[in-house]
Amino acid sequence: MEFSESEPSDHPGWVEIVIHMTAKRMLSFRTLLTDATGWVALGMVAVMWVAIVVTLRDERQQAISAAVDESSKLTIALQEQAANMFADLDRTLKLSRARLQLTATSEDLRRLLAEPDLADPRVEFLAIIDLRGYVVASNAKSDAVKLYAGDREHVAFHFTTPDDVAFLGKPVIARATSRLALPMTRKIYDADGKFGGVILASISPNRVSDYYASLLTSEGAEIALIGFDGVYRARGSRSKSSIGGTSQDTALLAAAKQSPVGVLIEPATDKISAMIHAYRVIEPFPVFVSVTVREMDALAEYTAHARTATLFGAIMTAVIVLLAVLIIRNRRQLGRTISVLESNKQMLAEKTQQLSVTLDHMERGLMMVDREGIVRVINRRLVELIDLPPQFLSRKLLYSDVVADLMARRDFGNDLAAGESGLRQAMDFDTSSTVPIKYIRRRKNGRYIEVQSEPMPEGGFVRTFSDITELCRRDEAMNVSARNLHRFTQIASRDLQEPMYDISSQVARLREAFERRDRSHSDRAINHLAESAQKVRAVANDLVDYTQQCVRTLETRSSVIGDIIAQSFGRMRQRYPDQPVEFVSRLPRIEVNCDPDVIRCVFDSLFANAFAFRNGNLPLEIKVYGQFCSQNESYQLHFRDNGSGFMSNDHERIFEPFARLMGQTGHVDMGIDLALAQVGVEKHGWKITGNSVIDMGSTFSILIARCDLIEVDGVRQMGGGDVAQLVSAAA
């Protein structure tokens with residue numbers, strides 16, 4: 001069939017109709033059957049699909065066999081691990097009852113568990129229960145004696161059976177520790193060999209579940225330790241872990257009771273997908289370990305390959321069919337192809353320009369907005385810098401959406417007025433404006449962001465965001481150092497005047513005594529002269545320490561606050577070895593970005609202040625604890641002592657160098673310690689405050705900025721993160 005070409009017309013309606021009807025006929029199935037090329041194409045398609053179906057069927061069977069083999073091998077290792085764990089727990093019971101009497105105390109149990117051959121970190125609780133069912137001894141830190149345990153199944157079992165066997169109970173909440181425990185019990189006998197009670201040892205099923213979960217790689221897989229009664233002893237999966245519940249898989253329980261080793265493949269139902277179970281019974285206990293894998297997970301690679309093969313077959317089918325009529329359609333498609341190429345060329349030029357701008361600003365946050373207010377380019381760095389929703393990266397975005405998100409969060413730091421001014425400046429920036437703008441925002445988490453907007457020739461603008469926190473902090477630290485140094489110089493000059501006056505007066509007296517040859521007066525003058533010189537030396541040393549702290553350049557790195565506090569306390573103990581002191585730290589693990597040497601000097605000063613202002617002969621008590629402040633999303637660390645304290649109206653003057661405060665016995669010279677602590681804290685951009693009650697002690701609080709928090713009790717932050725996680729970790 002041939003087509004004749006005609007000249008283009010200004011009104012090609014009838015031509016388009018003819019071409020459309022002809023193309024439909026060419027693409028119909030009847031067209032392929034009336035041509036030899038169509039029969040060849042259909043034969044090729046049939047052979048290809050037969051080969052694909054046969055290959056995929058074999059691959060599916062191989063994938064299921066591989067999943068069964070892998071699960072079976074894992075159950076062998078898990079069976080051995082669980083058998084060893086229960087054997088070790090039973091061994092602990094046997095050795096413990098062999099070395100203990102019914103009259104053993106809790107201290108005896110703790111000492112016994114510390115012995116090398118019985119030191120097993122998995123054993124969390126060990127107890128002896130008498131014939132009345134009461135706990136008479138345990139290793140718990142809290143007083144678990146006299147707790148009633150006779151109603152527990154694992155205890156009552158031994159009162160009803162004459163055999164001396166180990167009994168593995170169900171997971172229960174231990175009354176002594178209020179934690180979930182997996183108990184094992186045996187009988188214990190008195191000195192005459194008669195049944196005298198029960199000895200109990202328990203492990204944490206949560207630890208076993210966590211271990212099982214760590215072995216899994218797919219979300220739908222599960223490793224469980226299940227009793228023949230259907231109760232989970234331990235259960236681990238990538239998505240959740242539950243202990244103490246009852247297994248609803250009656251087919252798996254029946255199979256485990258019937259055969260100690262096996263594999264069960266359950267078909268899919270309306271509620272669950274098809275499952276592959278591999279299990280092994282852990283003799284002699286009525287429990288078994290099972291590894292469960294969803295068939296869809298086992299066939300994930302096969303499914304992907306099948307999808308690819310099916311897609312390949314579909315594409316090849318389409319290609320083969322279309323090749324039969326491609327020559328006929330080519331003439332019709334030629335004009336359309338040229339038009340599409342021109343459109344793609346223009347689009348490619350625009351994308352090239354956008355890509356060039358993006359590559360030029362990869363180290364900064366970037367946003368490009370066209371004249372219609374549509375955000376054409378936004379990079380991940382910008383989302384991280386100003387905490388925009390992650391979905392902004394994957395959907396069509398308007399500039400008004402970004403402004404609305406900023407308005408809703410009102411993240412302008414402490415200076416709200418300046419923040420609103422900066423945001424208003426950004427909002428009022430018209431997309432057709434030719435005037436560039438530049439301003440600095442201080443975020444609520446303490447970080448400084450420099451924002452620059454440059455207009456584009458065709459309308460719209462390119463806006464970059466840079467994190468200049470470190471630069472601003474260095475400027476702030478230099479300003480603080482200059483102010484502190486100026487204040488200290490004034491105070492030090494005042495404190496030096498008194499000893500220097502004493503030195504001059506004592507020199508005059510010494511000269512007068514020598515002229516009179518009065519030995520007693522000359523000795524007293526020399527002693528006064530030496531005391532005044534010591535005062536001058538002390539003030540000079542303090543001046544040097546304060547000056548070094550003020551001008552020191554911070555060298556920040558990741559540091560653990562608890563380790564720094566422990567080092568400072570050790571140094572104070574060496575400095576005051578004869579002073580009785582009780583030190584308690586209740587801080588979680590807090591990792592921050594700081595200069596450890598400067599922070600160590602801060603705590604050296606706080607410890608020195610506590611030792612210097614003790615409350616009479618009372619033993620010194622120092623407590624360190626902390627809490628998360630959700631209001632400004634920072635962490636507050638408290639340093640508390642039971643010293644002599646200070647007046648409440650002096651809470652600001654205590655940080656002045658050589659401040660002289662009014663105490664109960666007159667004026668008190670505060671020295672330089674608290675001033676050094678304040679300088680070190682403020683150089684990091686943090687804040688320190690103090691409050692006290694006379695004769696009741698003092699509390700100094702250090703507010704750590706959220707942007708310096710790296711980790712709080714295992715929760716990674718890196719300068720800010722999930723507030724709910726931080727609050728939970730601090731609690």
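Check the entry above for the structure.
Throughout what follows, the structure given in this document is the object of discussion.

Calculation rules
Residues numbered from 1 in each chain as written. Predicted model: local features only at pLDDT ≥ 70, side-chain atom pairs only at ≥ 80, totals over all residues. Heavy atoms only, no water. Buried < 20%, exposed > 50% of the residue type's maximum accessible area, 1.4 Å probe, protein only. Helix = DSSP H or I, 4+ residues; strand = E, 2+ residues; numbered from the N terminus. Arc of directions from axis to C-beta. Pairing = 2+ DSSP bridges. Axes fitted to C-alpha atoms, helices over the stretch in contact; angles between N-to-C directions. Contact = heavy atoms within 4.5 Å. Core = buried A, V, L, I, M, F, W, Y, C linked by side-chain atoms within 4.5 Å. Salt bridge = Lys/Arg side-chain N within 4 Å of Asp/Glu carboxyl O.

Points about helix α4 (residues 106-113)
Phase 1: Every buried residue of α4 is accounted for by Ser106, Leu109, Leu112 and Leu113. Angular distribution of buried residues about the axis of α4 spans 125°; they occupy a single face of the element.

Side note on the sheet that holds strand β21 (residues 620-629)
Phase 1: One open sheet accounts for five strands, arranged β19-β21-β22-β26-β25; its pairing is mixed. Lying at the two open borders of the sheet, with one neighbouring strand each, are β19 (581-585) and β25 (687-693). Between one strand and the next, the sheet's axes are offset by a mean angle of 15°, whatever the strand orientation.
Phase 2: Contacts from helix α15 (residues 561-575) reach β19, β21 and β22 (634-641), with the element oriented near 175° to β19.

Observations regarding the nonpolar core
Phase 1: Residues Phe86, Met184 and Tyr212 are the most contacted members of the largest nonpolar core, which totals 50 residues.
Phase 2: Beyond its immediate stretch of four places on either side in the chain, tyrosine 212 contacts Leu78, Gln81, Ile223, Ala224, Leu225, Ala234, Gly236 and Val289.
Phase 3: Of all hydrophobic cores here, the second largest spans 39 residues; its members include Ile561, Ile599, Phe607 and Leu637.

What to know about the pattern of salt bridges
Phase 1: Applying the stated criterion across every chain yields a total of 19 salt bridges.
Phase 2: When the shortest N-O distance is used, the salt bridge between arginine 186 and aspartate 90 registers 2.5 Å. Within this pair, whereas arginine 186 is found in strand β5 (residues 180-189), its partner aspartate 90 is found in helix α3 (residues 36-99), the two being separated by 96 residues in sequence.
Phase 3: Aspartate 90 gets classed as buried once you look at its relative accessible area, which sits at 11%.
Phase 4: As a salt-bridge pair, aspartate 401 and arginine 395 come within 3.9 Å of each other at their nearest N and O atoms.
Phase 5: Within this structure, Asp90, Lys94, Arg97, Asp164 and Arg186 form a network of salt bridges that share partners.

Here we look at the sheet that holds strand β16 (residues 448-455)
Phase 1: Strand order in the open sheet formed by six strands is β14-β13-β12-β17-β16-β15, and the pairing between neighbours is antiparallel. Either end of the sheet is taken by a strand with one partner, and the two such strands are β14 (397-398) and β15 (437-442).
Phase 2: Across six bridges, β15 lies against β16 in antiparallel orientation. Across the sheet, the residue bridging to arginine 441 is isoleucine 449, located in β16.

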